[in-house]
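# Close look at the chain arrangement
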Amino acid sequence: MNPMASRIAQGLLLALLPALALAGSRGDYAREWPLGTVEPEAGAYRVVLDEAVYRQLQSPGLRDLEVFDARGQSVPAALFDPARPDAAPARIEALPWFPLPAMTGAASRDIAAISEIATDGSLRRVELRGAEDARDGGILIDASRLASAPAALRVRWAAGQAPFDRAYRVLASDNLRDWQTVQEEAHLVELENQGQRITRDRIELSPLKARYLRLTPLAANLALRLERIEAELAQAGGGAAWAWQELPATRSEDPDGTVRYEFTLPGRFPVERADVLLPGNSTRSWTLESRDAATAPWRRAAAPWVAYRLQSAGRTDASPPQTLDGMRRDRQWRLTAARGVAVESPRLRLGYRPETLVFVAQGEAPFTLAAGSARAQRDDAPLADLVTALRGQRGPTWQPALATLGAARVVGGDAALTPAPPQRDWKAWLLWGLLVAGALLVAGFAFSLLRKPPPA
């Protein structure tokens, strides 16, 4: 047992004991779910949010989500991302990588012709023909020794380079000749303006196990000076499984004749991926945008990508889902097709990983989870520090006990989704009234003195 971690954990628990969320009461929420616990003495619990909870939530930041004890008192709670606290952090492994010369035509696909491969499939070297060419020919990555498919790549480059925003297509192969696209467009970014810096060195990948990966530049540029490439591997059993919302389209047309397809997401789902479905065989380039309300501007959610679906000889091949620029909870989504309009309206599939709410079993059981309110907001407790401290004390795989959602029941109903009327500050009004009355009394007294005749 780590004494320091133990003291930290005890201190955090003591700090949380008197702390109650000041958000509101159970009646301020539309619905609630009883929470079942297998370990009644666990002290800390985690509950995975399901589709019904997301559909009820109103707040973009999921603030209208709270846990109450049997007396109706709020307990300390905080929202965790899908990878925490269910598993240890992702494992990082360095990968061998080789810069590629600028190539065109068939030579650009047959990398085996310029590579030396060991008997175990790992790359020994890549022959850099035309190495004097400073153009970016891409990067070949040896992933043959990874035990599982990487969830992402982390690219490290040397400092002091000119600001850049580089677009790459990510390809995968087992023989260095036949390549499959796993990411249509990924960006490596380092920009600076007025002392503010934006860096993006992580490329998310679709789950595909392949021996070799390749980053192919989408535009002609000078090669970056790279230092290291790493694979991000999820631990066994780590992270939440992907769930999907499939949405029907509403066709709209701009004044200039551009046809778009709009979709409404029925909840505050943490969307990270998107896919487009069309009947039969299809291939088309799409641009996806989103916004939270009709009065807000559209924001690009994903770079243009090609979605395809091919059926032949009883087999169906389809493009992998597209990773979004970042997690979105927007309600409104829009697809625009390149090079004309699709014959049939597409269906949009939005992928998300259910998040976890962790709470401390403070107060009396049983506990309930309440969601959906325009009147209450949860204040996050510092439970991330608590989980970290307890993992240092109990081991890196420790996690709060599991709590399960029961059947939903109505509490405040639709009335909880209506903002409360503004509270009138009667004390302030009373003070102002007393001040006005006092001023009138003084003015009347002065006026009476002015009207009194002077003494003889």
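Residues numbered from 1 in each chain as written. Predicted model: local features only at pLDDT ≥ 70, side-chain atom pairs only at ≥ 80, totals over all residues. Heavy atoms only, no water.

## Section: the nonpolar core
Residues Val67, Trp286, Leu288, Trp333, Leu335 and Phe359 are the most contacted members of the largest nonpolar core, which totals 43 residues. Per-element tally for this core: the top contributor is strand E22 (residues 299–312), with four residues. Not counting chain neighbours up to four residues away, the residues in contact with Leu288 comprise Ala274, Arg299, Arg300, Ala301, Ala302, Trp305, Leu324, Trp333, Arg334, Leu335 and Leu348. Membership of the second largest hydrophobic core comes to 25 residues, among which are Ala143, Tyr168, Val170 and Leu215. (Core = buried A, V, L, I, M, F, W, Y, C linked by side-chain atoms within 4.5 Å. Buried < 20%, exposed > 50% of the residue type's maximum accessible area, 1.4 Å probe, protein only. Helix = DSSP H or I, 4+ residues; strand = E, 2+ residues; numbered from the N terminus. Contact = heavy atoms within 4.5 Å.)

## Side note on the environment of Ala102
For Ala102, the position within the fold is in the loop between strand E6 (97–99) and strand E7 (115–117). Along the sequence, Ala102 and Ala220 sit 118 residues apart, while their C-alpha atoms lie 9.2 Å from each other.

## Considerations on the pattern of salt bridges
Considering all chains together, one arrives at 19 salt bridges under this definition. For Arg347, the salt bridge goes to Glu246, with nearest N and O atoms at 2.7 Å. Here Arg347, found in strand E26 (residues 347–352), pairs with Glu246, found in strand E17 (residues 243–247); they are 101 residues apart in sequence, far enough to count as distant. Relative accessible area serves as the criterion here: at 34%, Arg347 is assigned to the partly exposed category. (Salt bridge = Lys/Arg side-chain N within 4 Å of Asp/Glu carboxyl O.)

## A look at helix H3 (residues 383–394)
Helix length check: H3 (twelve residues) gives 16 Å between terminal C-alpha atoms against 16 Å at 1.5 Å per residue, within 8%. If you check which residues of H3 are buried, you get Leu383, Leu386, Val387, Ala389, Leu390, Arg391 and Gln393. Of the residues one or two after H3, Gly395 is the one with positive phi, at around 115°. (Expected span 1.5 Å × (residues − 1).)

## Let's talk about the confidence of the model for the protein
Low-pLDDT stretches of the model should not have their predicted coordinates read in fine detail. In this model, the protein carries an average pLDDT of 80, and 80% of its residues clear a pLDDT of 70 or more. The lowest-confidence element of the protein is helix H1 (residues 3–16), averaging 45 in pLDDT; the highest-confidence one is helix H2 (residues 51–56), averaging 96. With pLDDT under 50 throughout, residues 1–23 is counted as low confidence; its partners more than four residues away or in other chains account for 38 contacts. Between residues 83–88, whose pLDDT stays under 50, and residues either more than four places distant or in other chains, the model counts 22 contacts. (pLDDT = per-residue confidence, 0-100.)

## Concerning the environment of Thr388
Checked against the element boundaries, Thr388 lands in helix H3. Separated by ten residues in the primary sequence, Thr388 and Trp398 have C-alpha atoms spaced 9.4 Å apart.

## Some remarks on the sheet that holds strand E25 (residues 332–337)
Spatial strand order, E18-E19-E25-E21-E22-E23: six strands in an open sheet with antiparallel pairing. Two strands lie at the open edges of the sheet, namely strand E18 (250–253) and strand E23 (315–318), each paired on one side alone. Recorded for the sheet is a direction-independent mean angle of 30° between the axes of neighbouring strands. In this structure, E22 lies alongside E23, joined through four bridges in antiparallel fashion. Each residue of the ladder has a partner; that of Leu310, found in E23, is Asp317. (Pairing = 2+ DSSP bridges. Axes fitted to C-alpha atoms, helices over the stretch in contact; angles between N-to-C directions.)

## A closer look at the packing of aromatic side chains
Counting across every chain of the model gives eight aromatic pairs. Pairing Tyr54 with Phe269 gives two aromatic rings, centres 5.4 Å apart and planes at 35°, and the pair type is tilted. With Tyr54 in helix H2 and Phe269 in the loop between strand E19 (259–264) and strand E20 (271–277), this residue pair connects regions lying 215 residues apart in the sequence. Neither Tyr54 nor Phe269 differs from the other in exposure class; each is buried. Seen from their ring centres, Tyr261 and Trp286 are 6.4 Å apart, and the 65° between their planes marks the pair as edge-to-face. Residue Tyr261 is located in strand E19, and its partner Trp286 is located in strand E21 (residues 282–291); the two are separated by 25 residues in the primary sequence. Each member of the pair, Tyr261 together with Trp286, is buried. Taken together, the ring pairs in this structure connect Tyr45, Phe359 and Phe367 into an aromatic cluster. (Phe/Tyr/Trp six-rings, centres within 6.5 Å; stacked < 30°, edge-to-face > 60°.)

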